[in-house]
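# Architecture at a glance
Here are the chains, one letter per residue:
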Amino acid sequence: IPDEFTKAAGVLQEIQAHGFEAYFVGGSVRDALLDQPIHDVDIATSAYPEEIKQIFHRTIDVGIDHGTVLVLIGEEQYEITTFRTESTYQDFRRPDTVTFVRSLKEDLKRRDFTINALAMDVNGEIIDLFDGMDDLEKKIIRAVGNPKERFHEDALRMMRGLRFASQLDFTIETNTLSAIEEFHPLLGKISVERIAVEFIKLLLGKNRRAALLPFIETECYQYCPGLKKSGEALLNFSELPNKQIESESQAWTLLIQTMGLKENDIRGFLKAWKQSNQMIHEVQSLIYGLNQRLIGDWKRMDLFNLGLDAVLSIEKLLFYFGQKSTLEEAKEGYLDLPIHDRKQLALTGNDLLAYFDKNPGKWLGDMLNMLEIAVVNGQITNNKEALIAYAKDRIDKE
Ligand code: ATP
Ligand code: MG
């Protein structure tokens, strides 16, 4: 039993001492059984939230309507959720009412996939009411109960199933897959933000191809922003070397590059996916740099403008397009630049104003740009006299 569970065992015992049931549930149980690193352990209990709050001294109501109480013990915190059922999903995304129940079985029944519906007691004993262990062993994503009903209740589960296929390198079971095929238009009811979370996890998973193919075949992509007409591009994307992608910005870059989006369309595409300006900016830089690098060696100004992190990301992306990554060379090229920041110029705007006795204006920015380029490219050395001389020469020529 992994450490995370041993540490939390006392919490389960405390709840049990008060006459209630308590189990580890969900992703942590699944990942522990798969020998994968686990994030946080989720605890499910027959005790109602008010009862949990009477058992533990320090608690925070993080989602009391959904039955979740955060229990603080020492430095640790544990999410404890009351067994619950969910009923009548009017809007295809969240239950109208959550009902607390005393039965573990009822709680496990409302979970999405059999591998996510396993519980573990304090002794490490697995409670497996839906053959989740069997599916774990066979590496199968299977909906709990009737997949059509389950996706009709909550359409996001279709995207979750696809992302688990990628993350875990599992196959989606046939009936579950046909239900996705049938109900994929319900994704239209789900917010882009929530789809994006799952899509990005899918892209970053260990076997993205295993998820992209059903994502395309079931036509789920038709209900994702900016992908409606991209069936073929997505197929091409799925055929890139299936090596795991390192970061979100690299994932978007690979996708956009494969789609052949025009430079001016990148922002709109990522905006439609509700990505941050920071992410958009990063991806735009990566796309620019990647295309520069695909046609030749690094130019010093590109190294300078992009910065080391982007340069190394781009080197890694070359691999997917059948080119060799030259990480060490690129890093050396970057580190060898005479300066790495405008601030390192041996001459400031104020110096220029004082020396030439001119009013500030457009000429000043232009001049600093010119000096920066000349220094980065090694045309002049970065000292005050050389920079003044260069500037003077420019001004005289005007
Ligand atoms: P991850 O490692 O990404 O956190 P996870 O399985 O823990 O994976 P969570 O979103 O943290 O996923 O959800 C925790 C558990 O809650 C799941 O394992 C599953 O049992 C249940 N669950 C989450 N979302 C849904 C859903 N949309 N429908 C049904 N059950 C869900
Ligand atoms: Mg989780």
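What you see is a predicted model, and the numbers here were worked out from it, not measured in a lab.

With that out of the way, let us pick up the side chain of Arg 84. Tracing the chain through its elements places Arg 84 in strand S6 (residues 84–87). Look past the residues within four positions of Arg 84 in its chain and what remains in contact with it is His 66, Val 98, Thr 99, Phe 100, Val 101, Glu 106, Asp 107 and Arg 110.

Moving on: helix H7 (residues 156–168). Given 3.6 residues per turn, any residue in an α-helix points the same way as the ones three and four places further on. Across its 13 residues, H7 extends 18 Å between first and last C-alpha, which sits within 8% of the 18 Å expected from 1.5 Å per residue. Within H7, burial applies to Leu 156, Arg 157, Met 158, Met 159, Gly 161, Leu 162, Arg 163, Phe 164, Ala 165, Ser 166 and Leu 168. Looking one or two places after H7, you find Asp 169, whose phi comes out positive at around 65°.

Pairing of strand S2 (residues 42–45) with strand S5 (residues 76–82), which is carried by four bridges, proceeds in the parallel orientation. Note on S5: the bridge partner recorded for Ile 43 is Ile 80. Hairpin connection from strand S4 (residues 68–73) to S5: two residues lie between these consecutive antiparallel strands, with Gly 74 at a positive phi of about 60°.

This part is about unusual backbone geometry. Even without being glycine, Asp 131 reaches a positive phi, approximately 60°. Among the structural elements, Asp 131 can be located in the loop between strand S9 (126–127) and helix H5 (132–138). Here the phi dihedral of Asp 169 falls at roughly 65°; this positive angle occurs in a residue that is not glycine. You can call Asp 169 partly exposed: its relative accessible area is 30%.

Axis separation between helix H18 (residues 349–356) and helix H20 (residues 384–397) bottoms out at 11 Å; the angle between their running directions is 60°. On the basis of the axis angle, H18 is oblique to H20. The two elements H18 and H20 cross, and the hand of that crossing is right-handed. Residue-level contacts link Asp 351, Leu 352, Tyr 355 and Phe 356 of H18 to Lys 384, Ile 388, Ala 391, Lys 392 and Ile 395 of H20. Looking at the contact of H18 with H20, its residues break down into six nonpolar, no polar and three charged.

It is worth spelling out the environment of Trp 298 at this point. Locating Trp 298 in the fold gives a position in the loop between helix H14 (277–295) and helix H15 (300–306). Sequence separation between Trp 298 and Leu 368 is 70 residues; the distance between their C-alpha atoms is 23 Å. Apart from residues lying up to four places away in sequence, Trp 298 is in contact with Gly 289, Arg 293, Leu 303, Leu 306, Val 311, Ile 314, Glu 315 and Ala 330. A polar side-chain atom of Trp 298 sits 2.6 Å from a polar atom in the side chain of Glu 315.

Our focus in this paragraph is the site of ligand 1. Around ligand 1, the structure places 14 residues, and the nearest of them are Arg 30, Asn 116, Asp 154, Arg 157 and Arg 163. With respect to ligand 1, the side chain of Arg 111 contributes an N or O atom lying 3.0 Å from an oxygen atom. A distance of 2.9 Å is found between an oxygen atom of ligand 1 and a side-chain nitrogen or oxygen belonging to Arg 160. Protein contacts shield 75% of the accessible area of ligand 1, which totals 590 Å² for the unbound molecule.

This brings us to the domain arrangement of the protein chain. The assigned domain composition of the protein chain is domain 1 (1–138), domain 2 (139–244), domain 3 (245–337) and domain 4 (343–397). The gap between the C-alpha centroids of domain 2 and domain 4 is 55 Å.

Turning our attention to the pattern of salt bridges. As enumerated under the stated definition, the model contains 25 salt bridges in all. For Lys 53, the salt bridge is made with Glu 50, and the minimal N-O distance between the two is 4.0 Å. With Lys 53 and Glu 50 both in helix H3 (residues 49–55) and three residues apart, this pair spans about one turn of that helix. Taking the relative accessible area as the measure of exposure, Lys 53 reaches 26% and is therefore partly exposed. Across the salt bridge formed by Lys 53 and Asp 61, the nearest N and O atoms sit 3.0 Å from each other. Asp 61 sits in the partly exposed class, given a relative accessible area of 40%. Overlapping salt bridges, with partners in common, bring together Arg 84, Glu 86, Asp 107, Arg 110 and Arg 111 in one network.

Tallied over the full model, the rule gives zero disulfides. Cys 220 takes part in no disulfide bond, and the closest cysteine sulfur to it belongs to Cys 224, at a distance of 7.0 Å.

Turning next to the packing of aromatic side chains. Counted under the stated rule, the structure contains twelve aromatic pairs. Judged by centre distance (4.7 Å) and plane angle (10°), the ring pair of Phe 199 and Trp 273 falls under stacked. Here Trp 273 lies in the loop between helix H13 (266–272) and H14 and Phe 199 lies in helix H9 (residues 192–204), a separation of 74 residues in the sequence. Phe 199 sits in the buried class, given a relative accessible area of 0%. What links up through ring pairs into an aromatic cluster is the set Phe 199, Phe 215, Tyr 221, Trp 252, Phe 269 and Trp 273. Between the NZ or CZ atom of Arg 163 and the centre of the ring of Phe 164, over which it lies, the distance is 4.2 Å. The lysine or arginine in question, Lys 358, covers the ring of Trp 363, its NZ or CZ lying 4.8 Å from the ring centre.

Here the focus is the pairing of strand S3 (residues 59–63). As paired strands, S3 and S4 are joined by four bridges and run antiparallel to one another. When the sheet's bridge partners are listed, Gly 63 is paired in S4 with Thr 68. Counted along the chain from S3 to the antiparallel partner S4, the turn is four residues long, and its residue Gly 67 has a positive phi close to 90°.

About the criteria used
- Residues numbered from 1 in each chain as written.
- Chains lettered and ligands numbered in written order.
- Predicted model: local features only at pLDDT ≥ 70, side-chain atom pairs only at ≥ 80, totals over all residues.
- Heavy atoms only, no water.
- Helix = DSSP H or I, 4+ residues; strand = E, 2+ residues; numbered from the N terminus.
- Contact = heavy atoms within 4.5 Å.
- Expected span 1.5 Å × (residues − 1).
- Buried < 20%, exposed > 50% of the residue type's maximum accessible area, 1.4 Å probe, protein only.
- Pairing = 2+ DSSP bridges.
- Axes fitted to C-alpha atoms, helices over the stretch in contact; angles between N-to-C directions.
- Parallel < 35°, antiparallel > 145°, perpendicular 65-115°, else oblique.
- Left-handed = near helix turned anticlockwise from the far one by under 90°.
- Nonpolar A, V, L, I, M, F, W, Y, C, P; charged D, E, K, R; others polar.
- Polar contact = N/O pair within 3.5 Å; in protein donor to acceptor, adjacent residues only side chain to side chain.
- Near = heavy atom within 4 Å.
- Areas by Shrake-Rupley, 256 points an atom, 1.4 Å probe, with all protein chains shown as cover.
- Domains from an automatic or database assignment.
- Salt bridge = Lys/Arg side-chain N within 4 Å of Asp/Glu carboxyl O.
- Disulfide = S-S within 2.5 Å.
- Phe/Tyr/Trp six-rings, centres within 6.5 Å; stacked < 30°, edge-to-face > 60°.
- Lys NZ or Arg CZ within 6 Å of the ring centre and 35° of its normal.

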